[in-house]
Amino acid sequence: MERSAVGTVNPAQALQRGPRDAMIRASGFVLLTALAAAAFGRGAFFSSVQWFVVALIVAAFALALSARAFSVADLTSGFFLAGLLLALWALVRAAAAGTPADAVSWVLFGAGTAAVLSVSRRLDASSREILLAGMLTVGVAVAGTGWLGVALHQRPWGLPSQGLWRAASTLTYANATAALLVPLALVALARLTATPRSAYLALGATCLLTGAGATLSRAGAAAFAAGLLVLCWAMGARATARAAAGPLAGAGVALLGLVPSLAITGPGRPLIAAIAAAAGLALAVLVQRVPLPALILPAAGAALVAALIVIYRAPEVHGAVRALTHARFTLASPDRSGEAAAALHMIERHPVAGVGPGHATLRWIGPGGGLRIDRFDHDGYLQVLTDLGIIGAVLAAAFLACLGQLLWRARPDLSGRAAWAGAAAAAAAFLLHSAFDFIWQVPAIPLTVGAIAGLAIPPATRGWHALPYPHQFHERTDCDATFPAR
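Reading the values: the criteria
- Residues numbered from 1 in each chain as written.
- Predicted model: local features only at pLDDT ≥ 70, side-chain atom pairs only at ≥ 80, totals over all residues.
- Heavy atoms only, no water.
- Core = buried A, V, L, I, M, F, W, Y, C linked by side-chain atoms within 4.5 Å.
- Buried < 20%, exposed > 50% of the residue type's maximum accessible area, 1.4 Å probe, protein only.
- Helix = DSSP H or I, 4+ residues; strand = E, 2+ residues; numbered from the N terminus.
- Contact = heavy atoms within 4.5 Å.
- Polar contact = N/O pair within 3.5 Å; in protein donor to acceptor, adjacent residues only side chain to side chain.
- Phe/Tyr/Trp six-rings, centres within 6.5 Å; stacked < 30°, edge-to-face > 60°.
- Patch = residues over 30% accessible without salt bridge, like charges linked within 9 Å, V, L, I, M, F, W, Y side chains within 5 Å.
- Areas by Shrake-Rupley, 256 points an atom, 1.4 Å probe, with all protein chains shown as cover.
- Salt bridge = Lys/Arg side-chain N within 4 Å of Asp/Glu carboxyl O.
- Pairing = 2+ DSSP bridges.
- pLDDT = per-residue confidence, 0-100.

A separate point is the nonpolar core. Within the largest apolar cluster, 104 residues are counted, with the highest numbers of intra-cluster contacts made by Val53, Met135 and Trp440. Among the elements that make up this core, the one with the highest residue count is helix H7 (residues 174-194) (13 residues). Ala214, Val259, Leu262 and Val317 belong to the second-largest nonpolar core, a separate cluster that totals 15 residues.

As a further point, take the side chain of Thr210. Within the secondary structure layout, Thr210 lies in helix H8 (residues 199-214). Look past the residues within four positions of Thr210 in its chain and what remains in contact with it is Trp147, Ala251, Ala254 and Leu255.

As a further point, take the side chain of His153. Mapped onto the fold, His153 is located in the loop between helix H6 (125-152) and strand S1 (158-161). Within the structure, His153 has its side chain in polar contact with the backbone nitrogen of Gly268 (distance 3.5 Å). Setting aside chain neighbours within four positions, we find His153 in contact with Leu148, Trp165, Ser261, Ala263, Gly266, Pro267 and Gly268.

Another point: the packing of aromatic side chains. A complete count under the given rule lists 14 aromatic pairs for this structure. An angle of 85 degrees between the planes, with centres 5.9 Å apart, marks the rings of Trp106 and Phe109 as edge-to-face. With Trp106 and Phe109 both in helix H5 (residues 104-121) and three residues apart, this pair spans about one turn of that helix. Its relative accessible area of 1% is what places Phe109 among the buried residues.

Another point: a nonpolar patch on the surface. Where nonpolar side chains cluster on the molecular surface, the patch consists of Leu81, Leu84, Leu85, Leu88 and Leu91 and spans about 400 Å² of accessible area. By the secondary structure assignment, Leu91 is in helix H4 (residues 78-96). Its relative accessible area of 38% is what places Leu91 among the partly exposed residues.

Of the two faces of strand S3 (residues 362-365), only one is covered, namely that formed by Leu362 and Trp364; the face formed by Arg363 and Ile365 stays uncovered. With four bridges joining them, S3 and strand S4 (residues 371-374) adopt antiparallel strand pairing. Considered in S4, the bridge of Trp364 is made with Arg372.

We now examine the confidence of the model for the protein chain. On average, residues of the protein chain carry a pLDDT of 84, and 80% of them reach 70 or more. Within the model, the stretch residues 1-9 combines pLDDT values under 50 with 16 contacts to residues more than four positions away or in other chains.

What follows is the structure, given as C-alpha coordinates:
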(Lines give C-alpha, C1' and ligand atoms only; values in the text may rest on other atoms or scores of the structure.)
Protein backbone atom coordinates (compact mmCIF):
# COMPACT_ATOMS: atom_id res chain seq x y z
CA MET A 1 0.00 0.00 0.00
CA GLU A 2 1.22 3.50 -0.78
CA ARG A 3 1.67 5.79 2.20
CA SER A 4 1.56 9.57 2.20
CA ALA A 5 4.11 11.86 3.82
CA VAL A 6 2.28 11.63 7.18
CA GLY A 7 2.18 7.84 7.13
CA THR A 8 -1.50 7.21 6.27
CA VAL A 9 -2.66 4.94 3.50
CA ASN A 10 -3.61 6.83 0.36
CA PRO A 11 -5.24 4.49 -2.21
CA ALA A 12 -5.79 7.25 -4.79
CA GLN A 13 -2.11 8.13 -4.71
CA ALA A 14 -1.19 4.45 -5.06
CA LEU A 15 -3.32 4.19 -8.22
CA GLN A 16 -1.68 7.31 -9.69
CA ARG A 17 1.85 6.18 -9.01
CA GLY A 18 2.17 3.98 -12.10
CA PRO A 19 1.25 6.61 -14.72
CA ARG A 20 3.23 9.31 -12.93
CA ASP A 21 6.27 7.07 -12.76
CA ALA A 22 5.98 6.32 -16.45
CA MET A 23 5.72 10.00 -17.39
CA ILE A 24 8.66 10.91 -15.15
CA ARG A 25 10.80 8.19 -16.70
CA ALA A 26 9.71 9.25 -20.17
CA SER A 27 10.61 12.90 -19.50
CA GLY A 28 14.08 11.84 -18.35
CA PHE A 29 14.57 9.66 -21.42
CA VAL A 30 13.45 12.41 -23.81
CA LEU A 31 15.71 14.90 -22.03
CA LEU A 32 18.67 12.53 -22.38
CA THR A 33 17.84 12.16 -26.07
CA ALA A 34 17.88 15.95 -26.44
CA LEU A 35 21.28 16.23 -24.75
CA ALA A 36 22.71 13.40 -26.86
CA ALA A 37 21.32 14.92 -30.07
CA ALA A 38 22.92 18.25 -29.18
CA ALA A 39 26.29 16.66 -28.35
CA PHE A 40 26.40 14.46 -31.45
CA GLY A 41 24.93 17.14 -33.72
CA ARG A 42 27.91 19.52 -33.69
CA GLY A 43 26.88 20.87 -30.32
CA ALA A 44 23.53 22.02 -31.77
CA PHE A 45 25.39 25.03 -33.14
CA PHE A 46 23.48 24.94 -36.42
CA SER A 47 19.78 25.71 -36.77
CA SER A 48 18.72 22.33 -38.18
CA VAL A 49 19.80 20.54 -35.00
CA GLN A 50 18.71 23.42 -32.76
CA TRP A 51 15.07 23.08 -33.79
CA PHE A 52 15.19 19.33 -33.19
CA VAL A 53 16.64 19.88 -29.72
CA VAL A 54 14.02 22.53 -28.99
CA ALA A 55 11.26 20.06 -29.90
CA LEU A 56 12.73 17.39 -27.61
CA ILE A 57 13.11 19.77 -24.68
CA VAL A 58 9.51 20.95 -25.12
CA ALA A 59 8.38 17.31 -25.13
CA ALA A 60 10.38 16.50 -21.99
CA PHE A 61 9.01 19.59 -20.28
CA ALA A 62 5.44 18.65 -21.23
CA LEU A 63 5.88 15.11 -19.89
CA ALA A 64 7.29 16.43 -16.61
CA LEU A 65 4.39 18.86 -16.38
CA SER A 66 1.92 16.02 -16.96
CA ALA A 67 3.45 14.05 -14.11
CA ARG A 68 3.24 16.95 -11.68
CA ALA A 69 1.80 20.38 -12.38
CA PHE A 70 4.01 23.39 -11.86
CA SER A 71 3.50 25.37 -8.69
CA VAL A 72 3.74 29.11 -8.19
CA ALA A 73 7.20 28.54 -6.69
CA ASP A 74 8.36 26.85 -9.91
CA LEU A 75 7.06 29.59 -12.19
CA THR A 76 8.20 32.55 -10.10
CA SER A 77 11.71 31.32 -9.31
CA GLY A 78 14.34 33.87 -10.32
CA PHE A 79 16.22 31.34 -12.45
CA PHE A 80 13.17 30.33 -14.49
CA LEU A 81 11.99 33.92 -14.98
CA ALA A 82 15.45 35.22 -15.89
CA GLY A 83 15.95 32.46 -18.46
CA LEU A 84 12.54 33.09 -19.98
CA LEU A 85 13.05 36.87 -20.11
CA LEU A 86 16.49 36.44 -21.69
CA ALA A 87 14.98 34.23 -24.39
CA LEU A 88 12.13 36.68 -25.01
CA TRP A 89 14.51 39.63 -25.28
CA ALA A 90 16.68 37.72 -27.75
CA LEU A 91 13.62 36.98 -29.87
CA VAL A 92 12.49 40.61 -29.77
CA ARG A 93 15.96 41.90 -30.64
CA ALA A 94 16.44 39.39 -33.45
CA ALA A 95 12.99 40.14 -34.88
CA ALA A 96 13.77 43.85 -34.81
CA ALA A 97 17.00 43.12 -36.70
CA GLY A 98 15.06 41.12 -39.28
CA THR A 99 16.59 37.70 -38.44
CA PRO A 100 14.42 36.01 -35.78
CA ALA A 101 15.90 32.57 -36.49
CA ASP A 102 19.30 33.78 -35.22
CA ALA A 103 17.85 34.02 -31.70
CA VAL A 104 17.45 30.25 -31.30
CA SER A 105 20.85 29.75 -29.68
CA TRP A 106 20.04 32.43 -27.09
CA VAL A 107 16.60 30.90 -26.54
CA LEU A 108 18.24 27.55 -25.85
CA PHE A 109 20.77 29.18 -23.53
CA GLY A 110 18.08 30.97 -21.49
CA ALA A 111 14.71 29.25 -21.66
CA GLY A 112 16.20 25.93 -22.82
CA THR A 113 18.64 25.65 -19.90
CA ALA A 114 15.91 26.71 -17.45
CA ALA A 115 13.59 24.03 -18.85
CA VAL A 116 16.30 21.36 -18.72
CA LEU A 117 17.09 22.18 -15.09
CA SER A 118 13.38 22.18 -14.24
CA VAL A 119 12.88 18.75 -15.80
CA SER A 120 15.97 17.14 -14.28
CA ARG A 121 15.21 18.40 -10.77
CA ARG A 122 11.70 16.90 -10.98
CA LEU A 123 12.96 13.39 -11.74
CA ASP A 124 12.75 10.64 -9.15
CA ALA A 125 15.93 8.96 -7.92
CA SER A 126 15.97 6.11 -10.43
CA SER A 127 15.38 8.47 -13.35
CA ARG A 128 18.16 10.71 -12.06
CA GLU A 129 20.49 7.73 -12.04
CA ILE A 130 19.62 6.91 -15.63
CA LEU A 131 20.01 10.51 -16.79
CA LEU A 132 23.39 10.94 -15.11
CA ALA A 133 24.70 7.61 -16.41
CA GLY A 134 23.46 8.54 -19.88
CA MET A 135 25.13 11.96 -19.83
CA LEU A 136 28.45 10.43 -18.76
CA THR A 137 28.13 7.81 -21.49
CA VAL A 138 27.46 10.51 -24.09
CA GLY A 139 30.50 12.40 -22.79
CA VAL A 140 32.69 9.31 -23.10
CA ALA A 141 31.49 8.82 -26.68
CA VAL A 142 32.27 12.44 -27.50
CA ALA A 143 35.71 12.07 -25.91
CA GLY A 144 36.29 8.91 -27.93
CA THR A 145 35.57 10.63 -31.22
CA GLY A 146 38.01 13.40 -30.31
CA TRP A 147 40.69 10.85 -29.44
CA LEU A 148 40.12 9.07 -32.74
CA GLY A 149 40.26 12.37 -34.60
CA VAL A 150 43.78 13.01 -33.30
CA ALA A 151 45.09 9.43 -33.48
CA LEU A 152 43.83 8.88 -37.04
CA HIS A 153 44.08 12.50 -38.26
CA GLN A 154 40.41 12.15 -39.09
CA ARG A 155 38.43 15.30 -39.90
CA PRO A 156 36.22 16.76 -38.46
CA TRP A 157 36.69 14.79 -35.21
CA GLY A 158 40.23 16.13 -35.20
CA LEU A 159 41.32 19.42 -36.74
CA PRO A 160 44.77 20.96 -37.28
CA SER A 161 45.48 24.25 -35.53
CA GLN A 162 48.79 26.08 -35.06
CA GLY A 163 50.79 23.09 -36.26
CA LEU A 164 48.97 20.57 -34.04
CA TRP A 165 46.10 18.14 -34.37
CA ARG A 166 43.50 18.87 -31.70
CA ALA A 167 40.48 16.82 -30.65
CA ALA A 168 37.35 18.48 -32.06
CA SER A 169 35.00 15.47 -31.56
CA THR A 170 31.41 15.47 -32.75
CA LEU A 171 31.21 19.14 -31.75
CA THR A 172 33.84 19.87 -34.45
CA TYR A 173 35.44 22.56 -32.25
CA ALA A 174 38.24 21.77 -29.81
CA ASN A 175 37.50 24.43 -27.18
CA ALA A 176 33.80 23.58 -27.13
CA THR A 177 34.69 19.91 -26.71
CA ALA A 178 36.75 20.77 -23.63
CA ALA A 179 33.91 22.94 -22.28
CA LEU A 180 31.54 19.95 -22.53
CA LEU A 181 33.88 17.25 -21.20
CA VAL A 182 35.39 19.11 -18.24
CA PRO A 183 32.11 19.56 -16.28
CA LEU A 184 31.23 15.90 -16.87
CA ALA A 185 34.70 14.82 -15.73
CA LEU A 186 34.32 16.86 -12.55
CA VAL A 187 30.97 15.22 -11.85
CA ALA A 188 32.53 11.78 -12.31
CA LEU A 189 35.38 12.67 -9.94
CA ALA A 190 32.92 13.96 -7.35
CA ARG A 191 31.02 10.67 -7.49
CA LEU A 192 34.31 8.80 -7.09
CA THR A 193 34.84 10.45 -3.73
CA ALA A 194 31.63 8.70 -2.58
CA THR A 195 32.27 5.38 -4.37
CA PRO A 196 36.09 5.24 -4.63
CA ARG A 197 36.21 1.63 -5.87
CA SER A 198 33.87 2.11 -8.80
CA ALA A 199 35.66 0.87 -11.91
CA TYR A 200 32.93 2.32 -14.12
CA LEU A 201 33.44 5.82 -12.75
CA ALA A 202 37.23 5.51 -12.84
CA LEU A 203 37.18 4.45 -16.49
CA GLY A 204 34.61 7.10 -17.39
CA ALA A 205 36.53 9.89 -15.70
CA THR A 206 39.75 8.75 -17.39
CA CYS A 207 38.11 8.81 -20.83
CA LEU A 208 36.59 12.23 -20.21
CA LEU A 209 39.89 13.69 -19.00
CA THR A 210 41.75 12.14 -21.94
CA GLY A 211 39.28 13.65 -24.39
CA ALA A 212 39.46 17.04 -22.69
CA GLY A 213 43.26 16.93 -22.65
CA ALA A 214 43.42 15.99 -26.32
CA THR A 215 41.70 19.27 -27.20
CA LEU A 216 44.81 21.14 -25.97
CA SER A 217 42.43 23.83 -24.73
CA ARG A 218 44.05 26.28 -22.32
CA ALA A 219 40.64 27.50 -21.18
CA GLY A 220 39.62 23.90 -20.59
CA ALA A 221 42.69 23.31 -18.40
CA ALA A 222 41.98 26.47 -16.39
CA ALA A 223 38.32 25.52 -16.01
CA PHE A 224 39.26 22.03 -14.80
CA ALA A 225 41.67 23.51 -12.26
CA ALA A 226 38.95 25.83 -10.96
CA GLY A 227 36.47 22.98 -10.70
CA LEU A 228 39.03 20.80 -8.93
CA LEU A 229 39.55 23.54 -6.35
CA VAL A 230 35.79 23.62 -5.75
CA LEU A 231 35.85 19.84 -5.25
CA CYS A 232 38.71 20.16 -2.76
CA TRP A 233 36.75 22.80 -0.85
CA ALA A 234 33.50 20.80 -0.85
CA MET A 235 34.82 17.25 -0.38
CA GLY A 236 38.20 17.81 1.23
CA ALA A 237 41.59 17.84 -0.46
CA ARG A 238 42.51 14.32 0.62
CA ALA A 239 39.30 12.69 -0.62
CA THR A 240 39.49 14.61 -3.89
CA ALA A 241 43.14 13.69 -4.43
CA ARG A 242 42.41 10.03 -3.75
CA ALA A 243 39.50 10.03 -6.19
CA ALA A 244 41.34 11.95 -8.89
CA ALA A 245 44.68 10.12 -8.67
CA GLY A 246 43.70 7.17 -10.85
CA PRO A 247 41.88 9.04 -13.63
CA LEU A 248 44.55 11.74 -13.79
CA ALA A 249 47.36 9.19 -13.97
CA GLY A 250 45.51 7.13 -16.56
CA ALA A 251 44.67 10.17 -18.67
CA GLY A 252 48.30 11.30 -18.47
CA VAL A 253 49.53 7.98 -19.90
CA ALA A 254 46.85 8.01 -22.61
CA LEU A 255 47.71 11.57 -23.61
CA LEU A 256 51.40 10.73 -23.72
CA GLY A 257 50.55 8.09 -26.32
CA LEU A 258 48.83 10.74 -28.43
CA VAL A 259 51.92 12.96 -28.60
CA PRO A 260 53.40 11.20 -31.69
CA SER A 261 50.12 11.94 -33.54
CA LEU A 262 49.91 15.63 -32.66
CA ALA A 263 52.23 17.12 -35.28
CA ILE A 264 50.53 17.97 -38.58
CA THR A 265 53.76 17.26 -40.46
CA GLY A 266 53.61 13.54 -39.77
CA PRO A 267 51.04 10.75 -40.00
CA GLY A 268 48.78 9.66 -37.18
CA ARG A 269 50.03 6.86 -34.92
CA PRO A 270 46.84 5.03 -33.86
CA LEU A 271 48.61 1.86 -32.65
CA ILE A 272 50.81 3.79 -30.24
CA ALA A 273 47.82 5.81 -29.09
CA ALA A 274 45.75 2.65 -28.55
CA ILE A 275 48.48 0.93 -26.51
CA ALA A 276 48.91 3.98 -24.31
CA ALA A 277 45.12 4.38 -23.90
CA ALA A 278 44.76 0.75 -22.80
CA ALA A 279 47.62 1.17 -20.34
CA GLY A 280 46.10 4.38 -19.01
CA LEU A 281 42.69 2.82 -18.45
CA ALA A 282 44.23 -0.17 -16.68
CA LEU A 283 46.33 2.13 -14.51
CA ALA A 284 43.27 4.19 -13.55
CA VAL A 285 41.44 1.12 -12.28
CA LEU A 286 44.51 -0.20 -10.47
CA VAL A 287 44.99 3.05 -8.59
CA GLN A 288 41.35 2.92 -7.44
CA ARG A 289 41.50 -0.73 -6.42
CA VAL A 290 45.01 -1.30 -5.03
CA PRO A 291 46.55 0.31 -1.91
CA LEU A 292 48.90 3.14 -2.85
CA PRO A 293 52.25 1.55 -1.73
CA ALA A 294 51.55 -1.50 -3.87
CA LEU A 295 51.19 0.72 -6.94
CA ILE A 296 54.76 1.96 -7.04
CA LEU A 297 56.13 -0.81 -9.26
CA PRO A 298 53.14 -1.04 -11.68
CA ALA A 299 53.01 2.74 -12.02
CA ALA A 300 56.74 2.95 -12.64
CA GLY A 301 56.47 0.18 -15.21
CA ALA A 302 53.60 1.89 -17.01
CA ALA A 303 55.50 5.16 -17.04
CA LEU A 304 58.59 3.41 -18.44
CA VAL A 305 56.59 1.71 -21.20
CA ALA A 306 54.92 5.00 -22.12
CA ALA A 307 58.29 6.77 -22.17
CA LEU A 308 59.76 4.08 -24.42
CA ILE A 309 56.83 4.41 -26.81
CA VAL A 310 57.33 8.14 -27.02
CA ILE A 311 61.11 7.87 -27.43
CA TYR A 312 60.59 5.32 -30.21
CA ARG A 313 58.68 7.94 -32.18
CA ALA A 314 61.13 10.71 -31.32
CA PRO A 315 60.97 12.69 -34.61
CA GLU A 316 57.21 13.22 -34.32
CA VAL A 317 57.52 13.90 -30.60
CA HIS A 318 60.14 16.59 -31.03
CA GLY A 319 58.04 18.44 -33.60
CA ALA A 320 54.90 18.14 -31.49
CA VAL A 321 56.64 19.35 -28.34
CA ARG A 322 58.06 22.37 -30.15
CA ALA A 323 54.61 23.25 -31.50
CA LEU A 324 53.04 22.70 -28.06
CA THR A 325 55.45 24.98 -26.24
CA HIS A 326 55.16 27.65 -28.90
CA ALA A 327 51.38 27.66 -29.39
CA ARG A 328 49.75 26.23 -26.25
CA PHE A 329 52.12 26.77 -23.31
CA THR A 330 51.62 30.52 -23.35
CA LEU A 331 49.01 33.00 -22.16
CA ALA A 332 49.39 35.16 -25.26
CA SER A 333 46.56 35.16 -27.79
CA PRO A 334 46.84 38.08 -30.24
CA ASP A 335 43.72 37.12 -32.18
CA ARG A 336 41.61 37.02 -29.04
CA SER A 337 42.96 40.39 -27.94
CA GLY A 338 42.17 41.96 -31.33
CA GLU A 339 38.77 40.31 -31.36
CA ALA A 340 37.93 41.63 -27.88
CA ALA A 341 38.97 45.15 -28.90
CA ALA A 342 36.73 44.95 -31.98
CA ALA A 343 33.85 43.73 -29.83
CA LEU A 344 34.29 46.61 -27.38
CA HIS A 345 34.16 49.12 -30.24
CA MET A 346 30.92 47.55 -31.45
CA ILE A 347 29.46 47.60 -27.93
CA GLU A 348 30.31 51.30 -27.65
CA ARG A 349 28.23 51.98 -30.77
CA HIS A 350 25.27 49.82 -29.64
CA PRO A 351 25.42 49.77 -25.83
CA VAL A 352 21.77 49.31 -24.81
CA ALA A 353 20.28 46.75 -27.21
CA GLY A 354 23.36 45.40 -29.00
CA VAL A 355 23.59 44.73 -32.72
CA GLY A 356 21.19 41.80 -32.61
CA PRO A 357 21.87 38.03 -32.71
CA GLY A 358 23.80 37.02 -35.81
CA HIS A 359 24.67 40.59 -36.81
CA ALA A 360 28.09 40.97 -35.18
CA THR A 361 30.99 41.34 -37.61
CA LEU A 362 34.29 41.75 -35.79
CA ARG A 363 37.23 43.16 -37.75
CA TRP A 364 40.78 43.59 -36.52
CA ILE A 365 44.35 43.52 -37.78
CA GLY A 366 46.17 40.27 -37.00
CA PRO A 367 49.83 39.87 -35.94
CA GLY A 368 50.95 39.59 -39.57
CA GLY A 369 49.19 42.78 -40.60
CA GLY A 370 46.30 41.00 -42.32
CA LEU A 371 42.63 41.78 -41.79
CA ARG A 372 40.81 39.27 -39.58
CA ILE A 373 37.03 38.86 -39.48
CA ASP A 374 34.87 36.78 -37.13
CA ARG A 375 31.22 36.62 -36.10
CA PHE A 376 31.73 35.56 -32.48
CA ASP A 377 33.69 36.87 -29.52
CA HIS A 378 35.83 34.31 -27.76
CA ASP A 379 34.15 35.49 -24.57
CA GLY A 380 30.56 34.67 -23.66
CA TYR A 381 30.21 37.77 -21.50
CA LEU A 382 31.30 40.06 -24.33
CA GLN A 383 29.12 38.11 -26.75
CA VAL A 384 25.93 38.84 -24.85
CA LEU A 385 26.82 42.53 -24.73
CA THR A 386 27.55 42.51 -28.46
CA ASP A 387 24.35 40.70 -29.44
CA LEU A 388 21.86 41.85 -26.81
CA GLY A 389 23.42 44.92 -25.22
CA ILE A 390 23.21 45.96 -21.59
CA ILE A 391 19.62 44.70 -21.35
CA GLY A 392 20.66 41.20 -22.37
CA ALA A 393 23.78 41.31 -20.19
CA VAL A 394 21.71 42.19 -17.11
CA LEU A 395 19.29 39.35 -17.82
CA ALA A 396 22.16 36.91 -18.40
CA ALA A 397 23.85 38.03 -15.16
CA ALA A 398 20.58 37.54 -13.26
CA PHE A 399 20.18 34.12 -14.89
CA LEU A 400 23.64 32.95 -13.84
CA ALA A 401 23.36 34.53 -10.38
CA CYS A 402 20.08 32.72 -9.78
CA LEU A 403 21.68 29.45 -10.84
CA GLY A 404 24.42 30.05 -8.27
CA GLN A 405 21.80 30.88 -5.64
CA LEU A 406 19.88 27.68 -6.40
CA LEU A 407 23.03 25.60 -6.01
CA TRP A 408 24.07 27.39 -2.84
CA ARG A 409 20.68 26.89 -1.22
CA ALA A 410 20.73 23.22 -2.23
CA ARG A 411 23.81 22.48 -0.12
CA PRO A 412 22.99 19.11 1.46
CA ASP A 413 24.25 17.38 4.55
CA LEU A 414 27.22 15.06 4.28
CA SER A 415 25.14 12.21 2.80
CA GLY A 416 24.48 14.20 -0.39
CA ARG A 417 27.70 16.17 -0.57
CA ALA A 418 29.21 14.38 -3.58
CA ALA A 419 26.25 15.10 -5.87
CA TRP A 420 26.20 18.75 -4.91
CA ALA A 421 29.98 19.16 -5.11
CA GLY A 422 30.03 17.78 -8.66
CA ALA A 423 27.35 20.23 -9.76
CA ALA A 424 29.07 23.18 -8.07
CA ALA A 425 32.42 22.25 -9.65
CA ALA A 426 30.81 21.86 -13.08
CA ALA A 427 29.13 25.26 -12.76
CA ALA A 428 32.39 26.92 -11.69
CA ALA A 429 34.25 25.38 -14.64
CA PHE A 430 31.50 26.49 -17.02
CA LEU A 431 31.51 30.09 -15.74
CA LEU A 432 35.30 30.37 -16.05
CA HIS A 433 35.45 28.81 -19.51
CA SER A 434 32.71 31.19 -20.65
CA ALA A 435 35.20 34.06 -20.38
CA PHE A 436 37.40 32.48 -23.06
CA ASP A 437 34.98 31.16 -25.69
CA PHE A 438 31.53 31.61 -27.17
CA ILE A 439 30.30 28.38 -25.57
CA TRP A 440 26.87 29.89 -24.83
CA GLN A 441 26.26 29.66 -28.58
CA VAL A 442 26.96 25.91 -28.50
CA PRO A 443 23.75 24.76 -26.78
CA ALA A 444 25.01 21.28 -25.91
CA ILE A 445 27.26 22.84 -23.25
CA PRO A 446 24.87 25.03 -21.22
CA LEU A 447 22.10 22.43 -21.56
CA THR A 448 24.38 19.73 -20.12
CA VAL A 449 25.49 21.98 -17.26
CA GLY A 450 21.85 22.83 -16.57
CA ALA A 451 20.97 19.13 -16.36
CA ILE A 452 23.92 18.50 -14.02
CA ALA A 453 22.76 21.32 -11.75
CA GLY A 454 19.17 20.08 -11.79
CA LEU A 455 20.24 16.63 -10.60
CA ALA A 456 21.79 18.19 -7.49
CA ILE A 457 18.84 20.45 -6.64
CA PRO A 458 15.73 19.02 -4.93
CA PRO A 459 12.28 19.95 -6.26
CA ALA A 460 10.98 23.38 -5.31
CA THR A 461 7.60 22.42 -3.89
CA ARG A 462 6.62 20.66 -0.70
CA GLY A 463 4.01 18.72 -2.64
CA TRP A 464 6.72 16.51 -4.07
CA HIS A 465 7.02 14.66 -0.78
CA ALA A 466 3.43 13.44 -1.13
CA LEU A 467 4.19 11.94 -4.53
CA PRO A 468 5.90 8.63 -5.26
CA TYR A 469 9.27 8.08 -3.55
CA PRO A 470 8.44 10.47 -0.68
CA HIS A 471 11.65 9.88 1.25
CA GLN A 472 14.28 9.88 -1.48
CA PHE A 473 15.51 13.39 -0.86
CA HIS A 474 15.82 12.79 2.88
CA GLU A 475 16.91 9.20 3.35
CA ARG A 476 19.24 8.89 0.36
CA THR A 477 21.29 11.24 -1.70
CA ASP A 478 20.37 12.54 -5.14
CA CYS A 479 22.39 10.28 -7.42
CA ASP A 480 25.12 9.49 -4.89
CA ALA A 481 24.27 5.81 -5.30
CA THR A 482 24.21 6.06 -9.07
CA PHE A 483 27.24 3.90 -9.72
CA PRO A 484 27.82 1.01 -7.32
CA ALA A 485 31.35 -0.24 -6.84
CA ARG A 486 32.26 -2.89 -9.35
